Amino acid sequence: MLRVDALQAIYSEVEDRIVVTIMGAVAAELYALGHRSNFFYLEHAMGLASSMGLGIALAMPRHKVVVIDGDGSLLMNLGTLSTMARYRPGNLVHIVFDNGSLLSVGGFPTATATGTDLAGVARACAIPQVMEEDTPRRLKQAVADALAGETLTTIVSKVEAIGPMSFHMDLPLLENRFQFKRALETLRHQE
Ligand SMILES: Cc1ncc(C[n+]2csc(CCOP(=O)(O)OP(=O)(O)O)c2C)c(N)n1
């Protein structure tokens, strides 16, 4: 599965949700599909998109939060899985695109390329619902089901180590940060 096809498939499920992504290739791919003020692309702080998503999910329990993670990023912050499982917000959906690679910085192999099983780690950390979906159609269904439910979910999707032609995003970090903050405030005022 190409990650860009997976993103295309889930776009309609996540476009109105609070979305936090890791930086790099996947951020550029989602941005190219259509930026929304409720999307935040966490630059620089590798590994912490899930931690940021967890904080937002706990602070805004009436809203669904989707984190789009990568294998290299998750491996850098594996403890996030036990922290997520400890607080287990039912409004958090954690999608991990596992391409076995640090694609955004040149494609060095990660530990999932040598056998680490992130879905297994998530289960061992007590994430209550862990799924593995490797086609766009199945992933879309899994995301829809997780968003319709009230159970903290991690979905691991194996994808090819292929990224976009360009990582350019015409959106400076600070602009994204202010847009996103206002989007969250608007959601809060609707409560
Ligand atoms: C603390 C830290 N270390 C390293 C980097 C450089 N860096 C940016 S993206 C990236 C790779 C991310 O890998 P992964 O999560 O697997 O996503 P992919 O690039 O494969 O889509 C790295 C190493 C960084 N930004 N911060």
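Our structure is the block above this text.
As a starting point, this report considers the structure included with it.

## Here's the deal with the environment of Leu 48
Right, so step 1: Locating Leu 48 in the fold gives a position in the loop between β2 (39-41) and α3 (49-59).
Right, so step 2: Linking Leu 48 and Thr 21, residues 27 residues apart in sequence, is a C-alpha distance of 9.3 Å.
Right, so step 3: Apart from residues no more than four positions distant in its own chain, Leu 48 is found in contact with Leu 42 and Asn 77.

## As for the site of the ligand
Right, so step 1: Surveying the vicinity of the ligand reveals 16 residues, the closest of which are Arg 3, Gly 72, Ser 73, Ser 101 and Ser 104.
Right, so step 2: Ser 104 places a polar side-chain atom, nitrogen or oxygen, 2.6 Å from an oxygen atom of the ligand.
Right, so step 3: In isolation the ligand offers 590 Å² of accessible surface; the protein chains occlude 76% of this area.
Right, so step 4: Broken down by secondary-structure element, the contributors of at least two residues to the shell around the ligand are α4 (71-76) and β5 (101-102).
Right, so step 5: Among the elements that make up the shell around the ligand, the one with the highest residue count is α4 (4 residues).
Right, so step 6: A breakdown of the residues in the shell around the ligand according to their chemical character gives 7 nonpolar, 7 polar and 2 charged.

## Looking at the pairing of strand β1 (residues 18-21)
Right, so step 1: Burial along β1 is two-sided: Ile 18 and Val 20 facing one way and Val 19 and Thr 21 facing the other are all buried.
Right, so step 2: Alignment of β1 against strand β3 (residues 65-70), held across 4 bridges, turns out to be parallel. Residue Ile 18 lies in a different strand from β3, and its bridge partner there is Val 65.

Calculation notes
- Positions within a chain are numbered from 1, following the residues in the order the chain's sequence is written.
- Where local features are concerned, this predicted model is filtered to residues with pLDDT of at least 70; where side-chain atom pairs are given and counted, the filter is 80 or more; whole-chain, interface and lining totals use all residues.
- For the side-chain quantities, the full set of heavy atoms in the structure was used; hydrogens and water were omitted.
- The way it works is that DSSP assigns letters per residue, a run of H or I at least four long becomes a helix, a run of E at least two long becomes a strand, and they are numbered from the N terminus.
- Only heavy atoms matter for contacts: two residues are in contact if any of them lie within 4.5 Å across the pair.
- Only a single heavy atom is needed: when it lies within 4 Å of a molecule or strand, its residue is near that molecule or strand.
- Two N or O atoms form a polar contact when they lie within 3.5 Å of each other; inside protein one atom must be a possible hydrogen donor and the other a possible acceptor, and for residues adjacent in sequence the pair counts only when both atoms belong to side chains.
- Note on areas: these come from Shrake-Rupley sampling with a 1.4 Å probe, and a residue is covered only by the protein chains present in the view.
- Following the grouping adopted for this structure description, the nonpolar residues are Ala, Val, Leu, Ile, Met, Phe, Trp, Tyr, Cys and Pro, the charged ones are Asp, Glu, Lys and Arg, and the polar ones are all others, Gly among them.
- Buried means the residue's accessible area, taken with a 1.4 Å probe over protein chains only, is under 20% of the maximum for its type, while exposed means over 50%, and partly exposed covers the values in between.
- DSSP bridges decide pairing: two strands pair if at least two such bridges lie between them.

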